[in-house]
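# Structural overview
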Amino acid sequence: MDTRIGIIGGSGLYQIEGLADAEWVGVDTPWGHASDKILTGTLDGVPMAFLPRHGRGHVHSPSTVPYRANIDALKRLGVTDIFSVSACGSFREDLAPGDFVIVDQFIDRTVGRESSFFGTGCVAHVSVAHPTCPRLGDAAFAAAKAQGVTVHRGGTYLAMEGPQFSSAAESKMYRDAWGADVIGMTNMPEAKLAREAEICYASVAMITDYDSWHPDHGSVDISDILAILGGNADAARGLVARLPGLLGADRAPCPHGCDRALEFALMTAPDHRDPTLVAKLEAVAGRVLPRG
Ligand SMILES: CSC[C@H]1O[C@H](OP(=O)(O)O)[C@H](O)[C@@H]1O
Ligand SMILES: Nc1ncnc2[nH]cnc12
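Residues numbered from 1 in each chain as written. Chains lettered and ligands numbered in written order. Predicted model: local features only at pLDDT ≥ 70, side-chain atom pairs only at ≥ 80, totals over all residues. Heavy atoms only, no water.

Within an unreviewed UniProt entry, the label attached to the protein reads S-methyl-5'-thioadenosine phosphorylase, and the organism entered is Palleronia pontilimi. Within the UniProt record for the protein, the comment given under Sequence similarities (unreviewed entry) is "Belongs to the PNP/MTAP phosphorylase family. MTAP subfamily." Listed in UniProt under the heading Pathway (unreviewed entry), the comment for the protein reads: "Amino-acid biosynthesis; L-methionine biosynthesis via salvage pathway; S-methyl-5-thio-alpha-D-ribose 1-phosphate from S-methyl-5'-thioadenosine (phosphorylase route): step 1/1." (UniProt positions renumbered as here; feature names shortened; annotations may be inferred.)

Here it is, written out as structure tokens:
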């Protein structure tokens, strides 16, 4: 199988440079429009697909990002491995603004977002006990190190609904009682949907602030975040540019099974499946859902 790397760029990362045969392509999905067109091309001989999560010009809020359409569109383009890049607040003194964290766990506090491709007429249960792919995490960590940024391997990302930032009480609870390391508004349900679509997923958190718990730092403020993001954009693009060289063009099956997540996940008996939903699932679950 061939590698195709998908990059979902978060706040401050709306395009990447250096792709050969670069082209912004629109992809139709049964889940609606993706956040934007997708920038396709190759880098070091590896096919790439870049999607700005909020759209160019930052049109979508964390709550209105079309997460299902985004993952479906990347799957349709043949993406095998997704790297998410996100701005995040920090709950730890040693995760300082400007640092990168390779997230490996999530606490999902989002509400009211469509968080599954499956449902009535085609029920499936995938495991997200380990929601990120260690192979991609290793690559992101190595790329960040080579880029010269301060990077931390592993951390728990609390996904909140937003768009408002947390209260000081929430911030302290997430940190002290729940043990979260970083906070953002977008990696859920994105990571869950990538797992359902059998795409490996890793998350690079760019720390922009100490949220609102730190006694020596004021409450999180968007102007501080933008200043850090501006300084980080080149490092994020440099990290991305190193990924094709680390992953290579040929892809073996994922040793952690991300690309076989649906193997035993389907619950609905074949003769009870809703043909309309099954048709919508063609891209993300066609491997395990043969159509008559
Ligand atoms: C610009 S601060 C808040 C905003 O930034 C993060 O988005 P992303 O994960 O796409 O980088 C955060 O989750 C909020 O959506
Ligand atoms: N403190 C914070 N809370 C939620 N999302 C963020 N994105 C960047 N900083 C954040």
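### Considering the overall build of the protein
Scanning the protein for helices and strands turns up 7 helices and 11 strands. If you line up the protein on its principal axes, its C-alpha atoms span 65 × 40 × 35 Å. The buried share among the 292 residues of the protein stands at 54%. Counting only contacts in the protein whose residues sit at least 6 apart along the sequence, the fraction spanning at least 24 positions is 81%. (Helix = DSSP H or I, 4+ residues; strand = E, 2+ residues; numbered from the N terminus. Buried < 20%, exposed > 50% of the residue type's maximum accessible area, 1.4 Å probe, protein only. Contact = heavy atoms within 4.5 Å.)

### Examining helix 1 (residues 67-76)
Every α-helix winds through 3.6 residues per turn, so residues three or four apart in the chain are directed the same way. Burial analysis of helix 1 places 8 of its 10 residues in the buried class, which makes it a mostly covered element. What helix 1 keeps buried is the set Tyr67, Arg68, Ala69, Asn70, Ile71, Asp72, Ala73 and Leu74. Trailing helix 1 by a residue or two, glycine 78 shows a phi angle of about 90 degrees, which is positive.

### Details of unusual backbone geometry
In this structure, proline 163 follows glycine 162 across a cis peptide bond, with omega equal to 5 degrees. Checked against the element boundaries, proline 163 lands in the loop between strand 9 (156-159) and helix 3 (168-177). With omega at 5 degrees, the peptide bond leading from methionine 188 into proline 189 counts as cis. Note that proline 189 resides in helix 4 (residues 187-196). Positioned with a positive phi, histidine 58 is a non-glycine residue whose angle comes to about 55 degrees. Following the sequence through the fold, histidine 58 ends up in the loop between strand 4 (46-52) and helix 1. In this model, glutamate 198 sits at a positive phi of 60 degrees, which is unusual for a non-glycine residue. By the secondary structure assignment, glutamate 198 is in the loop between helix 4 and strand 11 (200-209). Assessed through its relative accessible area of 5%, glutamate 198 is described here as buried.

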